[in-house]
Amino acid sequence: MYQAYPLYKIVLRRVLVILVGLLALPVMLLREDRARFYSYLHRIWCKTSTKPVWLAQSEAAAGIYW
């Protein structure tokens, strides 16, 4: 049902996340809500398919508990 992104989209997405993270670092060091921002970047980094990240992570964690 869900389709994986092509490799070039994944690589491009991750390069952009690194660039945005590095450019925002000086500003984010002074802010209290930096964890939320970097959590958002982590969700973008993890996205490799059209499946929502929360669904992919919950399916991966289901095997741990059951």
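Residue indices begin from 1 for each chain and proceed along its sequence in written order. Local features are withheld for residues below a pLDDT of 70 in this predicted model, meaning they are given only at 70 or higher, and side-chain atom pairs are given and counted only at 80 or more; totals for whole chains, interfaces and linings count all residues. Only hydrogens and water are set aside when side-chain values are computed; all heavy atoms of the structure are taken into account.

*Asks:* What's the story with the overall build of the protein in this structure? I'm lost.
*Replies:* Going along the chain from the N terminus, every DSSP run of H or I of four or more residues is numbered as a helix, and every run of E of two or more is numbered as a strand. Counting its regular elements, the protein contains three helices and zero strands. Starting at the N terminus, the α and β elements of the protein follow one another as α-α-α. Taking 66 residues into account, the globule formula puts the C-alpha radius of gyration at 11 Å, and the protein, at 14 Å, lies well above it. Taken along its principal axes, the extent of the C-alpha atoms in the protein is 40 × 30 × 15 Å. Each radius of gyration reported is based on C-alpha atoms, and the globular scaling rule is 2.2 Å times the count of residues to the power 0.38.

*Asks:* What am I meant to see in helix α1 (residues 7-28) here?
*Replies:* Since the α-helix advances by 3.6 residues per turn, residues separated by three or four positions end up pointing in the same direction. A helix is expected to span 1.5 Å multiplied by its residue count minus one. Its 22 residues give α1 an end-to-end C-alpha distance of 30 Å, which sits within 8% of 32 Å, the value for a rise of 1.5 Å per residue. Where α1 is concerned, the buried positions are I10, V17, G21, A24 and M28. Any two residues whose heavy atoms approach within 4.5 Å are treated as being in contact. Check the buried side of α1 and you find it contacts α2 (34-46). Relative accessibility under 20% of the residue-type maximum defines a buried residue, over 50% an exposed one, and the middle range a partly exposed one, all with a 1.4 Å probe and only protein chains included.

*Asks:* I'm lost on the UniProt feature "transmembrane region" (unreviewed entry) in the protein in this one. Help?
*Replies:* UniProt positions are given in the numbering used here, feature names are shortened, and annotations may be inferred rather than shown by experiment. Mapped onto this structure's residue numbering, the UniProt feature "transmembrane region" (unreviewed entry) falls at residues 12-30. Across residues 12-30 one finds 89% helix and 0% strand; the C-alpha atoms that close the span lie 28 Å apart.

*Asks:* Which parts of the structure should I look at to understand the pattern of salt bridges?
*Replies:* Two side chains with opposite charge may pair up if their charged atoms get near one another. We define a salt bridge as a contact between a side-chain nitrogen of Lys or Arg and a carboxyl oxygen of Asp or Glu at a distance within 4 Å. For the structure on display, the rule yields two salt bridges. For R31, the salt bridge is made with D33, and the minimal N-O distance between the two is 2.9 Å. Close ionic contact of R36 with D33 constitutes a salt bridge, the shortest N to O distance being 3.3 Å. Several salt bridges share partner residues, and in doing so they unite R31, D33 and R36 into one network.

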